[in-house]
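A look at the structure
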Amino acid sequence: MAATDAAGQLEQLRQQVRYHDHRYYALDDPELTDAEYDALYLELRQLEEEHPDLVTPDSPTQRVAGVAGSQFAKVRHRSPMLSLQNAFDEEEIRAWDQRVRGIVGDEVTYVCELKIDGLAMSLAYERDEGGARLVRAATRGDGQTGEDVTANVRTIRSVPLRIQPLDGLPDQFEVRGEVYMPLDAFERTNRQMEEAGRQPFMNPRNSAAGSVRQLDASITASRNLQTFMYTLDPSGPAGSQWDVLEGLIEMGFRVNPNRARFDTLDQVIAYHDHWLTHRHEIGHEIDGVVVKVDRHDQQLELGFVARSPRWAIAFKYAPEQAQTVVEDIVCYVGRTGVLTPVAKLRPVMVAGVTVRNATLHNEQMVNEKGVYAGARVTIQRAGDVIPEVVSVVEPRTGWMMPTHCPVCGSEIVREEGYIAHRCINPFCPAQQLERLRHFAGRGGMDIEGLGPATLTQLFEKELVREPSHLYRLTLEQVRDLDRFAEKSAQNLIDRIEASRTPPLSRFLYALGVPEVGEATAEVLAADFGTLDALREAGEERLVEVDGIGPAMAKEIAAFFAGNGSELVDHLLEAGVSPRGEKPAGPPPEGPIKGKTVVFTGSMERMSRPEAEALVKQLGGKATGTVTAKTDYVVAGPGAGTKLEKAEKLEVTVLDEDAFFDLIGR
């Protein structure tokens, strides 16, 4: 076939495949059977293989790339990607409506869209002779600067690689929206993670974020991510948010079909309440409704406050609750020996998930809430993730921790000044196994394939009792484990071998040093640079590190002077060699450098001390008091007077996700 004929046929095939991709992935309305589509796609791929010089970057066959790169480059957004203020009840949404009408008058129309629990994304397009092509995809990051994840986002089938832009749009423009993981894909991904021996994702949002940030784009492609787009920057010819959504549909983007436009706030509230009832019928997670003033001229008149627009708000849902019965209270022993009481529940559905357990944290909390075996309780998933007991129908007090460890039978003690009860036997099997899981897990050595089930087998067969034993495992020993064959055993041995030279910060976290979480490990690694320098440091030197207080310094010094020293020596003798890190310089430029941050309520992704250490590492100041000089208050479940004071002082309030989006984590 002549090159000119092939070029024409290729372009025709590409247009057909793009059309059918759009029908299937954006409109959920395919015209071809799977077999017919596969045949069309195969014809395109074979013709491109015959004429490789005619392959174009925006061809549908070029979606799945190889490697995204060892790091994601930083991308400056055309204009800031803002976060939204929240309203949690009808009183707050009515107060917002009154503020809006007080500025622009009573002739206001609102556009409502479901608030997708996903990852904010910006897609940059550039015009060329054939229309416009996707040139970059970036995460929101801190709102000003995000991460370049183009190679991965190109694999998402509902993201068009080429479009016909609306008249009036400039040569360069951005389309913004949300990347999310449908619930069926989330369940499938977690099954695959568990089968591979890896820790499953906590929720679909974390799964989507982790999938977009894969170094191997083919992994992203396998995760079946989806998109809903909702913003144009600049808006071009659109005079309203509704026009923007219609324009996005015209250009081939996937837009949430459950959008609506209303003239009254009562209609907005009814829409919010409807989806509260039907939220589990739509196949993806939502955590509220986004309400926007429709007309762009009114949006301009309303303007912005801090990092949020005055013309939009997230009308969020409270955590879902359900009633069930506590069948028993059992205690689990963690890697530090601390006992955690857990309520074993009669299974109940909460927010689309079957809940069987709820943590009770400690003896004091059990009795403050009045929980006991046989109690009827109300539970909820905090942040729609972590099950917790909210209240007890007929509370009782008097529950007590066991006097001896339920695993090894050793004495349980409660140190003066501490709430926690602890098993004092460092060789308790439960502690040993949990320490191994921590060592090999995420944030630590991150050894793929070495999940809880595999570690339990290794532990029960007495092949591994401490971390250094992992590095002496043989292929034959692994091959004899359940569900392992020659290839899978070799893969695990290879992954253990590859973990011998971790960054110092990950090694420190993996050791399980008391009080040292991921953020603190990064601070220590950056300050000392090498393992030897840290091991030689005493309390006086440690307290000089920003974010390390006297109590934490004492724990760290005691670890390296005691049993921790032997643990480290054994790992070094087994050939583990953590990579040193450059000593810390001035804090990097960023959104919280020089800012004052206050945390209130509980956090899910890290402890409050870790979050405060992270703020200090990034050049900010973490305090415990809200004043007019406070820049941000990060409020989690259970936030109280600090949140109320922040709202009175009009301090910017962030939830945990918004905080991590702000700092680009």
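Scroll up for the structure.
A look at the overall build of the chain
- A count of helical and extended segments in the chain gives 24 helices and 25 strands.
- Here the chain has a C-alpha radius of gyration of 27 Å; the compact-globule value for 665 residues is 26 Å, and the two agree.
- Principal-axis analysis of the C-alpha atoms places the extent of the chain at approximately 75 × 65 × 50 Å.
- For the chain, the proportion of its 665 residues judged to be buried stands at 49%.
- A fraction of 68% describes how many contacts in the chain between residues 6 or more apart in sequence connect residues 24 or more apart.
- Roughly 31,300 Å² of accessible area belongs to the chain as shown, and the carbon and sulfur atoms make up 48% of that amount.

Notes on the nonpolar core
- Residues L470, Y471, L508, L511, L524, L542 and F560 are the most contacted members of the largest nonpolar core, which totals 52 residues.
- Setting aside chain neighbours within four positions, we find L511 in contact with F559, F560, L567, V568 and L571.
- By size, the runner-up hydrophobic cluster in this structure holds 39 residues, among which are V111, L119, A137 and F253.

Side note on the side chain of Q380
- Examined against the element boundaries, Q380 turns out to sit in strand 18 (residues 376-382).
- The buried category is assigned to Q380, whose relative accessible area is 12%.
- Of the polar contacts made by the side chain of Q380, one reaches the side chain of Q321; its length is 2.9 Å.
- Of note is the side chain of Q380, whose polar atom sits 2.7 Å from the side chain of E388.

Rules used throughout
Residues numbered from 1 in each chain as written. Predicted model: local features only at pLDDT ≥ 70, side-chain atom pairs only at ≥ 80, totals over all residues. Heavy atoms only, no water. Helix = DSSP H or I, 4+ residues; strand = E, 2+ residues; numbered from the N terminus. Rg over C-alpha atoms; globule rule 2.2 N^0.38 Å. Buried < 20%, exposed > 50% of the residue type's maximum accessible area, 1.4 Å probe, protein only. Contact = heavy atoms within 4.5 Å. Areas by Shrake-Rupley, 256 points an atom, 1.4 Å probe, with all protein chains shown as cover. Core = buried A, V, L, I, M, F, W, Y, C linked by side-chain atoms within 4.5 Å. Polar contact = N/O pair within 3.5 Å; in protein donor to acceptor, adjacent residues only side chain to side chain.

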